[in-house]
Amino acid sequence: MLPVKVIGLGNPIYGDDGLGSCLARFLSQFNDFVIDGNAHGIAILGNLMDAQNLVFIDVDTGLKPGAVALEKIEGKLAITDTTMLDAHRASPSLLVGYLRAMNALKGDAYVVAVGPGNMEPFKPVSNEALNAIPTILNLLSEVLSRYGVALNYSGDPRSAVVECYRDALGSQLNSPT
């Protein structure tokens, strides 16, 4: 069982919502415990069963644009939480709730959250989100060190995130907003 897994969530089609996914896509090249969860929703659960602890990277619309926060996820599942309109939009707390209900997660769960600058369809990643990446990586490294795991990467993660958006949006992408 892995001591910890990192899961980036989101969909780059919806502005900053894709930041977690794109950052995880970059980090997974250097770390086998990082998964790009994209917008797979509850379909990602099978990939999380072998971790003692989880750390998600996702947006939090309750934060100011570009602000970064570490949020602990209790993930208690109530029957009302299981009624979903869209299985592709499962929040980290819902995923943790399912894992705890299945006795598949015994440890901690966190989300390294960033406040989005935009969530508009077909818009590139905002400058606020791009500028938050160093803070996200520092906070993620700090959390992983609690479990004796180092975060490895080389190159420019900001450029990799912009490229991820370029891949998702194609010709519709001009530059960060």
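Since this is a predicted model, take the numbers as computed values, not measurements.

Novice: Honestly, the packing of helix 1 (residues 19-27) against helix 3 (residues 127-145) in this entry has me stumped. Any pointers?
Specialist: Between two packed helices, what matters for the description is the angle formed by their axes and the separation of those axes. Two elements in contact, helix 1 and helix 3, have axes whose closest approach is 12 Å; the angle formed by their N-to-C orientations is 60°. Accordingly, the angle class assigned to the pair helix 1 and helix 3 is oblique. Where helix 1 crosses over helix 3, the two elements pack in a sense that is right-handed. Every residue of helix 3 that contacts helix 1 at Leu19, Leu23 and Leu27 is listed here: Ala129, Ile133, Ile136, Leu137 and Leu140.

Novice: Whenever I open this one, the nonpolar core confuses me. Can you help?
Specialist: The nonpolar side chains of a soluble globular protein tend to be buried, and buried together. With 35 residues, the main nonpolar core has Leu19, Leu27, Leu140 and Val161 as its most contacted residues. A total of 10 residues in this core trace back to one element, the largest contributor, which is helix 3. In this structure, Leu27 is in contact with Val34, Ile57, Leu137, Leu140, Leu151, Asn152 and Tyr153, ignoring residues within four places of it in sequence. The next biggest cluster of nonpolar side chains, apart from the first, holds 21 residues, and it includes Ile7, Leu45, Ala90 and Leu95.

Novice: In this structure, what is going on with the pattern of salt bridges? I would like to understand it.
Specialist: Close approach of charged atoms allows side chains with opposite charge to pair. Under the counting rule described, the total for this entry stands at 5 salt bridges. With a closest N to O distance of 2.6 Å, Lys5 and Asp50 form a salt bridge. Of this pair, Lys5 sits in strand 1 (residues 5-9) while Asp50 sits in the loop between strand 2 (34-38) and strand 3 (54-59); the two residues are 45 residues apart in sequence, bridging distant segments of the chain. Accessibility expressed as a relative area gives 35% for Asp50, which makes it partly exposed. Residue Lys72 pairs with Asp108 through a salt bridge whose shortest N-O separation is 3.1 Å. Of the two residues, Lys72 sits in strand 4 (residues 68-72) while Asp108 sits in the loop between helix 2 (92-101) and strand 5 (109-114), which places them 36 residues apart along the sequence.

Novice: Before we go on, may I ask you to explain the state of the cysteines in this structure?
Specialist: Covalent bonding between the sulfur atoms of two cysteines defines a disulfide. Evaluation of the coordinates by the stated rule reveals 1 disulfide. What pairs with Cys22 in a disulfide is Cys164, and their sulfur atoms sit 2.1 Å apart. Residues Cys22 and Cys164 are joined through a disulfide that is left-handed, its torsion about the S-S bond being -70°. On the criterion of sequence distance, the pair formed by Cys22 in helix 1 and Cys164 in helix 4 (residues 157-169) is long-range, its members being 142 residues apart. For Cys164, a relative accessible area of 5% translates into the label buried.

Novice: In this structure, what is going on with the sheet that holds strand 5? I would like to understand it.
Specialist: Where strands meet in a sheet, backbone hydrogen bonds hold them as pairs that are either parallel or antiparallel. Taken in spatial order, the 5 strands line up as 2-1-3-5-4 in an open sheet, and their pairing is mixed. One side of each edge strand has no neighbouring strand; the edge strands of this open sheet are strand 2 and strand 4. Sheet twist, expressed as the average angle between the axes of neighbouring strands with direction ignored, equals 20°. As paired strands, strand 3 and strand 5 are joined by 6 bridges and run parallel to one another.

Conventions and cut-offs
- Residue positions are counted from 1 within each chain, in the order its sequence is given.
- With pLDDT at 70 or above as the cut-off, local features in this predicted model cover only qualifying residues; side-chain atom pairs require 80 or more to be listed or tallied, and sums for whole chains, interfaces and linings still use all residues.
- To get the side-chain values, take all heavy atoms of the structure and skip hydrogens and water.
- Lines fitted to C-alpha atoms define the axes, with helix axes restricted to the stretch in contact, and inter-axis angles between N-to-C directions lie between 0 and 180 degrees.
- Secondary structure elements follow DSSP: runs of H or I of four or more residues count as helices, runs of E of two or more count as strands, with numbering from the N terminus.
- Orientation categories follow fixed angle ranges, with anything under 35 degrees roughly parallel, anything over 145 roughly antiparallel, 65 to 115 roughly perpendicular, and all other angles oblique.
- Note: crossing handedness is left-handed where the near helix turns anticlockwise from the far helix by less than a right angle, and right-handed where it turns clockwise.
- Contact between two residues is taken to exist if any of their heavy atoms lie within 4.5 Å; hydrogens are not considered.
- Put simply, a nonpolar core is a bunch of buried Ala, Val, Leu, Ile, Met, Phe, Trp, Tyr and Cys residues held in one set by side-chain atoms that sit within 4.5 Å of each other.
- Each residue gets one of three labels from its accessible area relative to the maximum for its type: buried under 20%, exposed over 50%, partly exposed in between, using a 1.4 Å probe on protein chains only.
- Salt bridge, as used here: a side-chain nitrogen of Lys or Arg that lies within 4 Å of a carboxyl oxygen of Asp or Glu.
- Throughout, a disulfide means two cysteine sulfur atoms within 2.5 Å of one another.
- By the convention used here, strands pair only if DSSP detects at least 2 bridges between them.

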